[in-house]
Amino acid sequence: MAWYFARPGLQYASMDDLRRGVPTEESKAELEALADLRDDYRAACLSAFLTCENPETRQDLSLDLSLDATVYPADLQDSHEQARRIILADPERYRLLLERCTHASSPMENQQDRPPGPHA
């Protein structure tokens, strides 16, 4: 989404560094300089995800969310939990997020987290 295109790209000193995933210190610093903007973007995506009624748009917005509650400030914890429950209740729709997320329990472990309503 937009964040990918707005952030500076990481640079690598050599092909070996690229293969090992070791960017230059300068390019890491440029990316880190946008940490506040990244946090604002993540908060905006969370808000849009929760207010959006369109399933496809919501799915797209989910790709910029994290299921790691520690990346959100205290005032967004309730919103984060609400989004997490929505995502875990529909693991097929949010498969891409769940596959890359290391902070999500298996949806089967979170049956108690499902919102009320019919479930297959």
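Just above sits the structure.
Residues numbered from 1 in each chain as written. Predicted model: local features only at pLDDT ≥ 70, side-chain atom pairs only at ≥ 80, totals over all residues. Heavy atoms only, no water.

Undergrad: Please clarify how the packing of helix H4 (residues 35–51) against helix H6 (residues 77–89) should be interpreted in this entry.
TA: For any two helices packed against each other, the geometry is given by the interaxial angle and the distance between the axes. In contact at an axis separation of 10 Å, H4 and H6 are set at 55 degrees when each is read in the N-to-C sense. In terms of orientation, H4 and H6 fall into the oblique class. Between H4 and H6 lies a crossing whose hand is left-handed. Residue-level contacts link Leu46, Phe49 and Leu50 of H4 to Ser79, His80, Gln82, Ala83, Ile86 and Ile87 of H6. (Axes fitted to C-alpha atoms, helices over the stretch in contact; angles between N-to-C directions. Helix = DSSP H or I, 4+ residues; strand = E, 2+ residues; numbered from the N terminus. Parallel < 35°, antiparallel > 145°, perpendicular 65-115°, else oblique. Left-handed = near helix turned anticlockwise from the far one by under 90°. Contact = heavy atoms within 4.5 Å.)

Undergrad: Help me out: how do you make sense of a nonpolar patch on the surface in this one?
TA: Judged by side-chain polarity, Tyr12, Met15 and Leu18 come together as a nonpolar surface patch covering roughly 280 Å² of accessible area. With respect to the element layout, Tyr12 can be found in the loop between helix H1 (2–6) and helix H2 (15–20). Exposure remark for Tyr12: the relative accessible area of 30% places this residue in the partly exposed category. (Patch = residues over 30% accessible without salt bridge, like charges linked within 9 Å, V, L, I, M, F, W, Y side chains within 5 Å. Areas by Shrake-Rupley, 256 points an atom, 1.4 Å probe, with all protein chains shown as cover. Salt bridge = Lys/Arg side-chain N within 4 Å of Asp/Glu carboxyl O. Buried < 20%, exposed > 50% of the residue type's maximum accessible area, 1.4 Å probe, protein only.)

Undergrad: Just checking my understanding: could you explain empty space enclosed by the protein for this structure?
TA: Leftover empty space is mapped by rolling, across the atoms, a probe with the size of a water molecule. Tallied over the full model, the rule gives 1 cavity of 30 Å³ or more. Here the largest cavity defines a volume of roughly 30 Å³. What lines the largest cavity is simply Leu46, Leu65, Ser66, Leu67, Tyr72, His80, Ala83, Arg84 and Ile87. (1 Å grid on protein atoms, 1.4 Å probe; cavity = no way out; pocket = protein on both sides within 12 Å on 5 of 7 lines; lining within 4 Å. Points joined across faces, edges and corners; volume = space filled by probe spheres on them.)

Undergrad: Looking at this structure, I do not really get the pattern of salt bridges. What am I missing?
TA: Any two side chains of opposite charge can pair, given that their charged atoms come close. According to the stated counting rule, one finds 10 salt bridges in the structure shown. Close ionic contact of Glu25 with Lys28 constitutes a salt bridge, the shortest N to O distance being 3.1 Å. Taken together, the positions of Glu25 and Lys28, both in helix H3 (residues 25–32) and 3 residues apart, correspond to about one turn of that helix. Residue Lys28 is classed as partly exposed on the basis of its relative accessible area, which comes to 38%.

Undergrad: Could you clarify how one ought to interpret the nonpolar core in this entry?
TA: One finds Leu46, Phe49, Leu65, Leu67 and Ile87 to be the most contacted residues of the largest nonpolar core, which totals 18 residues. Listed by contribution, the elements that provide at least two residues to this core are H4, H6 and helix H7 (95–100). Apart from residues lying up to four places away in sequence, Leu46 is in contact with Leu65, Tyr72, Leu76, Ser79, His80 and Ala83. (Core = buried A, V, L, I, M, F, W, Y, C linked by side-chain atoms within 4.5 Å.)

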